[in-house]
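Chains, contacts and geometry: an overview
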Amino acid sequence: MVQPEEQEKRPKFSINDHLDILIEILKRLDGPSLGVAACVCRLWCALIRNDDSLWEHICFRHVSVPPPTSVRPVVAALGGYKRLYMGCVRPMLSRLGDSERVRKRVWTQHEVVELSLSLFCVDSYERLGGSGRLGGDASASSLKFLCKPVNV
Amino acid sequence: MKRNHKATLEFGGGGSGYGVGGSGNSSSVVVKGECSTMSSAKAKMWGEEHEAGGMDELLGALGYKVRSSDMADVAQKLEELEMVMGTAQEDGISHLACDTVHYDPTDLYGWVQRMLTELNNSPNDPTEFFGNHQIPNIDFENQSPVFNDDSEYDLRAIPGMAAYPQIEPDSESSQKRVRSSSVGSDSIPVLPPSPSASNVSESTRPVVLDDSQEAGVRLVHTLMACAEAVQQNNLKLADALVKHVGVLATSQAGAMRKVATYFAQALARRIYRIYPDEALDSSFSDMLHMHFYESSPYLKFAHFTANQAILEAFATANRVHVIDFGLKQGMQWPALIQALALRSGGPPKFRLTGIGPPQPDNTDALQQVGWKLAQLAETIGVQFEFRGYVCNSLADLDPTHLETRPGEAVAVNSVLELHRTLARPGAVEKVLSTIKAIKPQIVTIVEQEANHNGLVFLDRFSEALHYYSSLFDSLEGSAAGLTPPSQDLIMSELYLGRQICNVVACEESERVERHETLAQWRTRMVSAGFDPVRLGSNAFKQASMLLALFAGGEGYRVEESNGCLMLGWHTRPLIATSAWKIPATES
């Protein structure tokens, strides 16, 4: 058999030793696939959780014009791209894709991300201290409307 | 008029392509000319109507001389009579309230159907149903139904029940039962239960499906009648009617019930002169405001469209100053700060002056909000300065106190605040001249799109009823039938309920919810010397995207009207954003 000998001769290739390649591959996945990938092993999980540039890629994947460099620090300050994607961009895209009325319109990803940035900012603002003003309802969030079940 | 409409339908087969005229006279002229296949007798009938000076000839045949133009009046008086009969409690005529069955004379088709089905089902005592009516001679030996009709009126499909309940007083109240199948022309969308479902499930009250529609119409009529009684200072009648409204409202479901309840409460306050205490804890009203912000798109729409206008006006400025006429929780400003941070060319220095009412407990609510905004601005990297300005009314604003600095681009923003100044004479003019003295680059105004400031109470009431019905409907639509209803929904309704109370129950300087339409505000701004600024397509796109995000948001519509944007529910615009600037020559 050729295989065992070849295995001995070739150095073992483990993707986990080459994080930059791994990240390049992960960058090309979509949100749900990333979620699945995060379940593979601890390393992948940590990478996906902590590497915000992965999520930045997903947010701007279909945006033709690369976002200005000023966006990154703002998003980082507000909570990071992962939060932006999971909290705003993804529900917005799914909501916009579902609605029949919306399918006829064409909103660029860019516009979606712009709006989601604004909503994200409002949400971050609400999470800042002082939520006691809202009658003690600490879970009040202006993004709740994105999470409500869609009226089918 | 309905009669004419029905009559022209009759001729529809014979004539060819003539329009159905709006007024009796014009349609009769057209019919006379074109319809040659009509029998001469019918032609003469129309001709008579036209020649007899507009006398209604159907009533004329019975011996009444009523002008066609007065028919609407007659109908209204009949309705009022019915109303009074329904609530009659006095001796001697109290039987009118429970024992009579009233027929709707416009509903000929339904009446004929009912006659025939009733005859089929109770051949032994036909007189019980028809009273004075002549019963046509029908062969009772053959018990098979005269016609098979699968419409919702075929209540014989309900097993084990008489098709129509016997004549007995309604167990709920002494309200008379009205055999009417035609729903009134009110535009309030009451969602009726689907007939087939109701037929099967409602085994005890088969007529409910019709009743709730009828009751909805009755409810609106009773509310209007009550308001009219209040206007004529007939408080006794108004009191009786308001109680009746309460009873009728329980038969409704959803938005209609809530709106009716709030309006009834407000009317009751007006009748008994228990005016609501406006000086409520403003943190409570802020909380209600927040829930309204979260549960519906109106305030978000307002903020996003106003921010877009401000952004465009600030495109090249290095130092910007925004004056917010109603800071509340400052929810409008994070998005603007973020947009300024991402502006090409970097963020400008951002100064915000927030105006708010004095707090009863002396806490500095404005400063707290300012502090939060400062935190946010710092994390994003925008230089931020905040100043709070406390005043009871916008008319007390002094331009010198606002500390405008040279080289600063100023924006004035008013979201649902300006209409309060209409409560005192001269106040709005003073505010507008203060704004002009500040010399802003842009003034953004968002107001409710309704006229709740008319001189006649009844007109205001009717406008408000339609407006808040649409508003409550939209909230209901967005809630998507979640049970139990979310706290947001309840609080938002309470927020609106307080507005309703103010519009209906208060007067003079206490009535601050003096909403006016965009057209009225436009006139006011133009005559004060402002030029309109068109809100760009960016704002429109953003607004429509925002609406698409709302569950149940299929009913929301963004409209553009002469450069201003309006958000509405179905065909009814409910809130309008407009932007203004001072013409260049004046500065």
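Just so you know, these numbers come straight off a predicted model, no measurement behind them. (Residues numbered from 1 in each chain as written. Chains lettered and ligands numbered in written order. Predicted model: local features only at pLDDT ≥ 70, side-chain atom pairs only at ≥ 80, totals over all residues. Heavy atoms only, no water.)

1. Side note on the overall build of chain B
A count of helical and extended segments in chain B gives 21 helices and 11 strands. Looking at chain B as a whole, 51% of its 587 residues are labelled buried. If you take every contact in chain B between residues at least 6 apart in sequence, the share linking residues at least 24 apart comes to 73%. (Helix = DSSP H or I, 4+ residues; strand = E, 2+ residues; numbered from the N terminus. Buried < 20%, exposed > 50% of the residue type's maximum accessible area, 1.4 Å probe, protein only. Contact = heavy atoms within 4.5 Å.)

2. Comments concerning the overall build of chain A
When helices and strands are tallied, chain A shows 10 helices and 0 strands. When its helices and strands are written in sequence order, chain A yields α-α-α-α-α-α-α-α-α-α. Taken across its 152 residues, chain A has 41% of its residues classed as buried. Long-range pairs, those at least 24 residues apart, make up 62% of the contacts in chain A with a sequence separation of at least 6. Carbon together with sulfur atoms contributes 56% to the accessible area of chain A, which is approximately 9000 Å² in total. (Areas by Shrake-Rupley, 256 points an atom, 1.4 Å probe, with all protein chains shown as cover.)

3. A word on the packing of helix α14 (residues 297–313) of chain B against helix α21 (residues 537–548) of chain B
Residue and element names in this part refer to chain B. Two elements in contact, α14 and α21, have axes separated by 9 Å at closest approach and are oriented at 160°. On the basis of their axis angle, the class for α14 and α21 is roughly antiparallel. Between α14 and α21 lies a crossing whose hand is right-handed. Note on element contacts: α21 touches α14 through Asn538, Ala539, Gln542, Ala543, Leu546 and Leu547, opposite Pro297, Lys300, Phe301, Phe304, Thr305, Gln308 and Glu312. Partitioned by chemical class, the residues of the contact of α14 with α21 number 7 nonpolar, 4 polar and 2 charged. (Axes fitted to C-alpha atoms, helices over the stretch in contact; angles between N-to-C directions. Parallel < 35°, antiparallel > 145°, perpendicular 65-115°, else oblique. Left-handed = near helix turned anticlockwise from the far one by under 90°. Nonpolar A, V, L, I, M, F, W, Y, C, P; charged D, E, K, R; others polar.)

4. Focus on helix α6 (residues 71–78) of chain A
Residue and element names in this part refer to chain A. Those residues of α6 lying buried are Val71, Val74, Val75 and Leu78. One side of α6 holds all its buried residues, which, seen down the axis, span an arc of 95°. Where α6 ends, the next residue or the one after it, Gly79, has phi of about 140°, a positive value. (Arc of directions from axis to C-beta.)

5. Quick look at the environment of Thr400(B)
All names here are of chain B. By secondary structure assignment, the location of Thr400 is in the loop between β5 (384–390) and β6 (409–415). In sequence terms Thr400 and Ile438 are 38 residues apart; their C-alpha atoms lie 8.5 Å from each other. In terms of polar contacts, Thr400 uses its side chain to reach the side chain of Asp398, at 2.9 Å. (Polar contact = N/O pair within 3.5 Å; in protein donor to acceptor, adjacent residues only side chain to side chain.)

6. Here's the deal with the confidence of the model for chain B
All names here are of chain B. Looking at chain B as a whole, its pLDDT mean stands at 74, while 67% of the residues score no less than 70. Overall, residues 1–52 carries pLDDT values under 50, and its contacts beyond four positions in sequence, including any with other chains, amount to 54 contacts. Between residues 122–209, whose pLDDT stays under 50, and residues either more than four places distant or in other chains, the model counts 128 contacts. (pLDDT = per-residue confidence, 0-100.)

7. Regarding the packing of α14(B) against helix α15 (residues 333–341) of chain B
All names here are of chain B. Relative to each other, α14 and α15 sit at 35°, their axes nearing to 10 Å. For α14 against α15, the interelement crossing comes out right-handed. For the pair α14 and α15, the contacting residues are Asn307, Ile310 and Leu311 in the first and Trp333, Ala335, Leu336, Ala339 and Leu340 in the second. When the residues that make up the contact of α14 with α15 are grouped by side-chain class, the tally is 7 nonpolar, 1 polar and no charged.

8. Overview of the pairing of strand β7 (residues 442–448) of chain B
Residue and element names in this part refer to chain B. Taking burial as the measure, the 7 residues of β7 include 7 buried ones, the bulk of the element. Neither face of β7 is left uncovered, since the one carrying Ile442, Thr444, Val446 and Gln448 and the one carrying Val443, Ile445 and Glu447 both have all their residues buried. Where β6 meets β7, 5 bridges bridge the pair, whose relative direction is parallel. By the bridge assignment, Ala411 is partnered in β7 with Ile442. Each parallel crossover has a hand, and for β6 linked through helix α17 (residues 427–438) to β7 it is right-handed. As paired elements, β7 and strand β11 (residues 572–581) share 6 bridges and run antiparallel to each other. (Pairing = 2+ DSSP bridges. Right-handed = clockwise from strand over helix to strand, strands pointing away.)

9. What to know about a nonpolar patch on the surface
On the surface, Phe13(A), Ile21(A) and Ile25(A) cluster together into a nonpolar patch covering about 300 Å² of accessible area. Along the chain, the position of Ile25(A) falls in helix α2 (residues 19–27). (Patch = residues over 30% accessible without salt bridge, like charges linked within 9 Å, V, L, I, M, F, W, Y side chains within 5 Å. Salt bridge = Lys/Arg side-chain N within 4 Å of Asp/Glu carboxyl O.)

10. Comments concerning the environment of Gln109(A)
Its location among the elements puts Gln109(A) in helix α9 (residues 109–127). Placed 48 residues apart in sequence, Gln109(A) and Arg61(A) show a C-alpha to C-alpha distance of 8.3 Å.

11. Overview of the pairing of strand β4 (residues 349–356) of chain B
Residues and elements named next belong to chain B. In terms of burial, β4 is largely enclosed, as 7 of its 8 residues are buried. Tracing the backbone out of strand β3 (residues 319–324), into α15 and back to the parallel element β4 gives a crossover that is right-handed. The parallel pair β4 and β5, bridged by helix α16 (residues 365–380), forms a crossover whose chirality is right-handed.

12. What about the pattern of salt bridges?
Counted according to the given criterion, the structure contains 17 salt bridges over all chains. The shortest N-O distance in the salt bridge between Glu24(A) and Arg28(A) comes to 3.1 Å. Notably, a salt bridge pairs Arg534(B) with Glu560(B), separated by 2.9 Å at the nearest N-O pair. Of this pair, Arg534(B) sits in the loop between β8 (531–533) and α21 while Glu560(B) sits in strand β9 (residues 556–561), and the two are 26 residues apart along the sequence. The exposure class of Glu560(B) is partly exposed, given its relative accessible area of 41%. Salt bridges sharing partners connect three or more residues here, namely Arg270(B), Arg460(B), Glu507(B) and Arg511(B).

13. A closer look at the side chain of Glu408(B)
Residues and elements named next belong to chain B. Relative to the assigned elements, Glu408 resides in the loop between β5 and β6. With a relative accessible area of 13%, Glu408 lands in the buried category. Within the local environment of Glu408, its side chain forms a polar contact with the side chain of His321, the two groups lying 3.4 Å apart. Excluding its chain neighbours within four sequence positions, the residues that come into contact with Glu408 are Arg319, His321 and Arg351.

14. Here's the deal with α16(B)
Its 16 residues give α16(B) an end-to-end C-alpha distance of 23 Å, which sits within 8% of 22 Å, the value for a rise of 1.5 Å per residue. Summarising the contacts, the buried residues of α16(B) are in contact with α6 and α9 of chain A together with α15, β4 and β5 of chain B. Residue Gly381(B) follows α16(B) closely and has a positive phi angle near 100°. (Expected span 1.5 Å × (residues − 1).)

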